[in-house]
Amino acid sequence: MSKETAVDGPWDQKVSEHLVHFEPPDLFTIHLDGAVAREHIGTFASLLGRAQGTFYMIISTAKLTSVDSQAKRGVGELPRAAGIAYVGASRQMKLILSLMDKVYTVLNYGKNSPITFVATEEEAGQWVDDLRRRAKTSVRA
């Protein structure tokens, strides 16, 4: 891949069986398919690092089977998103992802990203739109 920035999109990038999609101006959608390994986290971090400022993530977990222990430890490499919506997570996966979010917050010096768990990508998109509106309102205040 060339030295494109995230704004050179929209674009798709396969990471093993996973798919990262960027939709300008600031939305990454990651479709996890199968197991997430340590090397995937590094690639995700590199792709997310192309963002020009604030960005949001929608992470589809419907086909996620597992996150290995090394990947969980590597979550601190991920750039901090302004919000993360998880789509289709099972009860067990919600617990794992919530714990990973706590690690992510600690590694980002207490700066957390709002997260939500939703059933559909449409709901996730509405949630991200709401975060964007609130961010614009708080900048004006």
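Above this text you will find the structure in question.
In this text the structure is predicted, and so the values were computed from the model without any measurement.

K.L.:
Explain the environment of Trp11 here, please?
P.N.:
Along the chain, the position of Trp11 falls in strand 1 (residues 11-15). The spacing of Trp11 and Pro24 is 13 residues in sequence and 9.1 Å in space, taken between C-alpha atoms.

K.L.:
I'm lost on unusual backbone geometry in this one. Help?
P.N.:
Trans peptide bonds make up most of the peptide bonds, and negative phi angles are found at most residues other than glycine. Here Pro24 and Pro25 are connected by a cis peptide whose omega angle stands at 10°. Inspection of the secondary structure puts Pro25 in the loop between strand 2 (18-23) and strand 3 (27-36). A positive phi is found at Ser16, a non-glycine position, where the angle reads about 60°. Of note, Ser16 is situated in the loop between strand 1 and strand 2.

K.L.:
Where do I start with the nonpolar core in this structure?
P.N.:
Looking at soluble globular proteins, one finds that nonpolar side chains tend to be buried together. Grouped together as the largest cluster of nonpolar side chains are 29 residues, with contacts concentrated most on Val20, Phe28, Phe44 and Met57. For this core, the secondary-structure elements that each account for two or more residues are strand 1, strand 2, strand 3, helix 1 (38-48), strand 4 (56-67), strand 5 (84-87) and helix 3 (91-107). Considering every element that reaches this core, the biggest residue donor is helix 1, with 5 residues. By size, the runner-up hydrophobic cluster in this structure holds 10 residues, among which are Leu27, Ala85, Ala124 and Leu131.

Procedures and definitions
- Residues numbered from 1 in each chain as written.
- Predicted model: local features only at pLDDT ≥ 70, side-chain atom pairs only at ≥ 80, totals over all residues.
- Heavy atoms only, no water.
- Helix = DSSP H or I, 4+ residues; strand = E, 2+ residues; numbered from the N terminus.
- Core = buried A, V, L, I, M, F, W, Y, C linked by side-chain atoms within 4.5 Å.
- Buried < 20%, exposed > 50% of the residue type's maximum accessible area, 1.4 Å probe, protein only.

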